[in-house]
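The primary structure of each chain is shown beneath.
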Amino acid sequence: MARRTATLTDPVLAAARDAAHAEVVAAARKFELAATWAAMHPAPVTDPVVTATGVVEMYGDQPVTLAGEGAPGMSEFAVAEFAAAIGISTRAGRDLIGAALECRHRLPRVWARVMAGEVPVWKVRRLTEQTHRLPMTGAAYVDRHLAPVLDSCSFAQIERAVETACAQTEDEKAELDRLDAAATEFFQVRLGDAHLNNGRVPVDGLLDYPVALALEQALQAGSHHLLAEHPELTLDQRRALALGHLAAGSAGVAEVVVYAHHTPAEGHGIVDVEKLGHTTTEQLTDWCRHLATRVTIRPVLDLDAELTTDCYAPTVLQREQAVLTNPTCVFAHCARSAQGCDLDHIEPWDPTGAGGATTSWNLAPLCRLHHRMKTHGHWTYRRLSRTRFEWTSPSGDLYDVDRTLTRRRTR
């Protein structure tokens, strides 16, 4: 980072330079507060609960380790509270606090330069992404060699310094490399990008060689069997179709649930599909005719209807209604899909009828972490509308959540 030694006579340039420096200082202050908050909320001591079926469950607040060897752990619930306070998701809060702990406890020379406003936080976070896997000796090596020059280092230089630190401890390097390689494996079906590709969904991944080989052999065999039935299709199209058959299982049938809204008076041949946007009725027809698709016609589900049951567990229709009404966890800044969330009774269920009932108004999707925080972490919330909720933190702070719109107020 360039030293602020030049004198700028142009007032606009001088003001821009001062604003940029203020951003660096503000980010460093938030970095420091993240580490301070972690120190104020050390890892709790919890005992597992063994259920009647012998399953080990962990309830309440849990200890989390967010940085490398030698850095302290902290309270999982405290991570979520800090993230909500600064307007980011719990996942992003974990990353920020983890980087602060990594830097403060394992890279003290770098930390000192950050606190002095000499190195920007964004560059330090790129460094901590690399160092958290190192043993203490490796982190110390990186801190010693990079701290004096980190402001001018490229990302490639940072990575080389970490590789050199690994080489200092050859006994650990092989295991670190193996763990790093395993951590890079992924397979992603980007359903959220379907609207960008006329209903086609991008798929990408990085697989272990035996897994990739098995998949390739299955696609080769599948595309070969489809050749006689679909000679008009290209090899790439047959491979894509074979993958659909493979995913559908031995029955060759996959259930595709499409929520479509079509008003003939408003347009000809255009259908509004949930999560995808507008498409043609011809495209929807092609999906329904697909060999690996089973079509099920369901009654229209009114999202404003008040569904109720006398049981504790919500009905299938109640869950579907809740997920469609609020597609993500309703905690502040959480973007976890409601499909994988718990369906929470906002007011705790009471079989006597004196408390909360299992009704549409009293049900909302919460991911497991935020469900535990509500149940065991002294967070409360109330529903203001179908899609709007007001959360109260253990400290008394209020968070007004309306889908992706989140505002913070302090009582």
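Quick summary incoming for the structure in this document. This structure is a prediction, so every number in the text was calculated from the model and none was measured.

Some thoughts on the overall build of the protein chain
A tally of helices and strands in the protein chain yields 13 helices and 19 strands. Taking the intrachain contacts of the protein chain between residues at least 6 apart in sequence as the baseline, contacts between residues at least 24 apart amount to 51%. For the protein chain, the accessible area works out to roughly 23,800 Å², and carbon and sulfur atoms hold 57% of it.

Re a nonpolar patch on the surface
The grouping of Phe187, Val189, Leu191, Val201, Val203, Leu207 and Val211 at the surface amounts to a nonpolar patch, some 570 Å² of accessible area in total. Of the residues examined, Leu191 reaches a relative accessible area of 58% and is grouped as exposed.

Describing the pattern of salt bridges
Counting across every chain of the model gives 14 salt bridges. Here Asp143 and Arg109 are joined by a salt bridge, their closest N and O atoms 3.4 Å apart. In this pair, Asp143 is assigned in helix H6 (residues 136-146) and Arg109 in helix H4 (residues 108-115), connecting sequence segments 34 residues apart. A relative accessible area of 44% places Arg109 in the partly exposed class. Of the charged contacts in the structure, one is a salt bridge between Lys374 and Asp344, with a shortest N-O distance of 3.3 Å. You can see Lys374 sitting in helix H13 (residues 368-376) and its partner Asp344 sitting in strand S13 (residues 342-345), a full 30 residues away along the chain. Assigned by exposure class, Lys374 and Asp344 land together as buried.

As for the pairing of strand S15 (residues 363-366)
Along any regular strand the residues' side chains alternate between the sheet's two faces. Residue alternation in S15 divides its side chains into two sets, Leu363 and Pro365 and Ala364 and Leu366, and both sets are buried. Sheet analysis places S13 next to S15, joined by four bridges and oriented antiparallel. When the sheet's bridge partners are listed, Leu343 is paired in S15 with Pro365.

A word on unusual backbone geometry
Excluding glycine, most residues fall at negative phi; most peptide bonds, likewise, are trans. In the Ramachandran plot, His333 falls in the positive-phi region, its phi being about 70 degrees despite a non-glycine side chain. Its place among the elements puts His333 in the loop between helix H12 (316-325) and S13. You can call His333 partly exposed: its relative accessible area is 23%. Look at His378: it is not a glycine, yet its phi comes out positive at around 65 degrees. Looking at the element boundaries, His378 is found in the loop between H13 and strand S16 (380-383).

Here's the deal with the packing of helix H1 (residues 11-40) against H4
When two helices pack together, their arrangement is given by the angle between the helix axes and by the axis-to-axis distance. The interhelical angle for the contact between H1 and H4, taken along N-to-C directions, is 130 degrees, at an axis separation of 9 Å. Relative to H4, the element H1 lies oblique. Contacts between H1 and H4 pair Ala28, Phe31, Glu32 and Ala35 from the former with Trp111, Val114 and Met115 from the latter. Grouping the constituent residues of the contact of H1 with H4 by class yields six nonpolar, no polar and one charged.

Thoughts on the state of the cysteines
Tallied over the entire structure, the rule returns zero disulfides. Between Cys334, a cysteine without a disulfide, and Cys329, which holds the nearest cysteine sulfur, the sulfur-to-sulfur distance is 3.7 Å. Taking the relative accessible area as the measure of exposure, Cys334 reaches 11% and is therefore buried.

Thresholds, definitions, all that
- Residues numbered from 1 in each chain as written.
- Predicted model: local features only at pLDDT ≥ 70, side-chain atom pairs only at ≥ 80, totals over all residues.
- Heavy atoms only, no water.
- Helix = DSSP H or I, 4+ residues; strand = E, 2+ residues; numbered from the N terminus.
- Contact = heavy atoms within 4.5 Å.
- Areas by Shrake-Rupley, 256 points an atom, 1.4 Å probe, with all protein chains shown as cover.
- Patch = residues over 30% accessible without salt bridge, like charges linked within 9 Å, V, L, I, M, F, W, Y side chains within 5 Å.
- Salt bridge = Lys/Arg side-chain N within 4 Å of Asp/Glu carboxyl O.
- Buried < 20%, exposed > 50% of the residue type's maximum accessible area, 1.4 Å probe, protein only.
- Pairing = 2+ DSSP bridges.
- Axes fitted to C-alpha atoms, helices over the stretch in contact; angles between N-to-C directions.
- Parallel < 35°, antiparallel > 145°, perpendicular 65-115°, else oblique.
- Nonpolar A, V, L, I, M, F, W, Y, C, P; charged D, E, K, R; others polar.
- Disulfide = S-S within 2.5 Å.

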